[in-house]
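Descriptive analysis of the structure
These are the residues of each chain, in order.
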Amino acid sequence: MATLSPPSQPEPLVAITNCDGYEGQVLALHLAKYLEGCFGLKNQAKSNNEDDKGDKKKPKKPEPQIVCLARDLSKCKHLQDCRHLKLVEISHDNPDSISVALRGLKTVVLVPEMEDNQIDLSDQFVDIMVQEQVIRCILISAIGTDAPEKEHLARYRHIEDKVKNSIQRWTILRQGFLFECLYFWIPMIQDQGILGMPIGPEFEFTPLHIGDLGESLVSVTFPSHHDDGDHSDGDKKSCGKASEDLQAKSKAIKPTDTERFDRQTYTLTGPQRVTGPKLADDLNQVLKAQSEDSNAMPPTSVTFKAITRDECKNYFLSLRERTDLLMNLPLSTAAKDTPGFFASMTRSLSQRRLWDLSGLFKGLDEDAQRLIGEDTEKDPKEPKDPKSLKNTKKLSKDRGPQVEPPNNTEMEMLLDLMDYIGEGKASFLSGDMEKITGHQGMGPEKFFEKYGRDFRRRHPKDL
């Protein structure tokens with residue numbers, strides 16, 4: 001008779017901060033998706049079956065976990081069911097809570113919190129990293145650190161310098177304008193048919209998809225499949241077929257390059273230059289094509305309009321006062337029109353003035369959805385695994401993480417970023433993402449093909 005071994009405890013591997021924010025959650029899911037590929041359920045089941053054939057159960061090697069730090073765990077409910085994520089509540093008023101969370105860890109992904117005291121909070125994290133002997137920090141930073149007159153971009157220069165001067169091994173990933181920021185413009189697009197930005201129509205920039213930032217983070221965090229370790233061939237093979245796709249995408253990374261990203265700063269850009277008018281044109285083309293494919297009513301066209309910084313700021317502020325920002329596409333209709341991606345998401349702007357970005361969150365792909373208990377490939381008529389049914393119902397009810405209209409820090413940073421773009425300083429294609437991941441990332445056409453229906457302007461009869 002087989003002897004059962006005591007359950008092994010998950011092994012904390014990496015910590016990531018700001019997991020009660022949208023960006024931190026998406027990046028945490030990407031890291032978890034990688035670990036799931038290496039220690040997938042199928043490989044685990046196979047290993048268990050092989051062990052059952054023996055007289056004794058072999059001790060299971062502890063599976064690694066990502067430690068997700070958050071100040072408000074109630075905002076992390078969509079991470080709770082992922083077995084490779086460990087949620088830990090911290091308080092900046094209680095530094096010991098951070099110390100305990102980081103104790104024994106060697107790598108931390110620092111995602112600066114979007115607060116007025118952003119510098120102080122980041123400095124505190126770095127000081128505690130030093131205290132707890134963290135030797136590696138991957139900092140999510142921003143472009144524009146060379147513009148000291150733009151306060152909210154210049155903050156990242158201070159944070160970068162703090163990390164460089166304090167942590168032995170560091171990597172900085174600078175991001176520019178994220179495609180996902182366009183969600184702040186949905187009410188303007190829907191109400192007025194205008195994409196209004198404080199950027200001249202001639203200025204180019206290179207938007208980045210947050211999923212590509214996530215892939216870059218995975219490649220930097222796990223440059224040889226497991227960070228900071230001398231692993232045998234057997235350990236590498238344990239990744240199995242489940243991670244072949246990720247390994248193929250990261251073919252530019254050699255297994256021995258465990259330190260190739262140390263003390264490096266990368267500026268991540270999308271693969272294409274765009275202007276404001278081109279973004280509007282790309283959105284119009286995608287919406288028109290989708291309406292033709294589904295025999296839906298042709299969408300009202302969206303036009304770009306150059307507005308002033310003050311006008312844009314007033315628009316952002318007005319979002320906090322609105323209570324009619326409701327955009328609700330029934331799930332059944334979405335599934336009929338666009339199987340796969342839209343079948344797994346609900347799009348809405350809630351009456352609590354919170355935006356449902358479940359599509360962006362769940363849109364990582366089916367693998368990430370499986371991590372949180374949802375399988376989009378199964379026929380809805382097929383009986384579901386009882387163990388996953390509970391999670392699926394929970395996610396369907398909650399509909400994904402919600403992001404509030406930009407707070408003061410987010411708003412000023414966006415405005416500074418658009419000023420930076422409007423000065424012609426953000427038109428470069430860095431090529432850094434391809435160096436890191438082996439591919440160029442998602443351009444505007446692909447982004448709108450995936451998420452364009454969220455931006456579809458409502459017809460007067462729907463208002």
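The structure reproduced in this document is the subject of the present report. Note that the structure is a prediction, hence the values are computed from the model and not measured.

**Section: the packing of aromatic side chains**
Tallying each qualifying case throughout the model produces 12 aromatic pairs. Both rings, one in Phe177 and one in Phe205, keep their centres 5.5 Å apart while their planes meet at 75 degrees; by these two values the pair is edge-to-face. Pair noted here: Phe177 is in the loop between strand S6 (169-175) and helix H6 (186-192) and Phe205 is in the loop between strand S7 (194-197) and helix H7 (210-221), with a separation of 28 residues, a long-range link. Classification of Phe205 as buried rests on a relative accessible area of 2%. Ring centres of Phe261 and Tyr266 lie 6.0 Å apart, and the angle between their planes is 70 degrees; this geometry places the pair in the edge-to-face category. The class of Phe261 is buried, set by a relative accessible area of 1%. Of the aromatic side chains, those joined through ring pairs into one cluster are Phe177, Phe184, Trp185, Phe205, Tyr315 and Phe316.

**Overview of the packing of helix H4 (residues 118-131) against helix H5 (residues 151-166)**
Contact geometry of H4 with H5 gives a least axis separation of 10 Å together with a crossing angle of 10 degrees. In terms of orientation, H4 lies roughly parallel with respect to H5. On the side of H4, the interface is formed by Gln118, Ile119, Ser122, Asp123, Val126, Asp127 and Val130, while H5 contributes Arg155, Tyr156, His158, Ile159, Lys162, Val163 and Ser166. Residues of the contact of H4 with H5, tallied by class, amount to 6 nonpolar, 4 polar and 4 charged.

**Side note on the nonpolar core**
Ranked by size, the top nonpolar core spans 88 residues in total, and within it Ile16, Phe177, Trp185 and Phe316 carry the most contacts. With 10 residues, the top contributor of residues to this core is helix H1 (residues 22-38). When residues no more than four places from it in sequence are discounted, the contact partners of Trp185 are Phe177, Leu195, Gly196, Met197, Cys312, Tyr315, Phe316 and Met418. Ala101, Leu110, Ile159 and Val163 belong to the second-largest nonpolar core, a separate cluster that totals 23 residues.

**Considering the environment of Leu178**
Along the chain, Leu178 falls in the loop between S6 and H6. When its relative accessible area of 9% is taken as the criterion, Leu178 is described as buried. When the C-alpha positions of Leu178 and Gly270 are compared, they lie 8.9 Å apart, and in sequence the two are 92 residues distant. In contact with Leu178, other than residues within four places in its own chain, are Glu23, Leu208, His209 and Ile210.

Scoring rules and cut-offs
- Residues numbered from 1 in each chain as written.
- Predicted model: local features only at pLDDT ≥ 70, side-chain atom pairs only at ≥ 80, totals over all residues.
- Heavy atoms only, no water.
- Phe/Tyr/Trp six-rings, centres within 6.5 Å; stacked < 30°, edge-to-face > 60°.
- Helix = DSSP H or I, 4+ residues; strand = E, 2+ residues; numbered from the N terminus.
- Buried < 20%, exposed > 50% of the residue type's maximum accessible area, 1.4 Å probe, protein only.
- Axes fitted to C-alpha atoms, helices over the stretch in contact; angles between N-to-C directions.
- Parallel < 35°, antiparallel > 145°, perpendicular 65-115°, else oblique.
- Contact = heavy atoms within 4.5 Å.
- Nonpolar A, V, L, I, M, F, W, Y, C, P; charged D, E, K, R; others polar.
- Core = buried A, V, L, I, M, F, W, Y, C linked by side-chain atoms within 4.5 Å.

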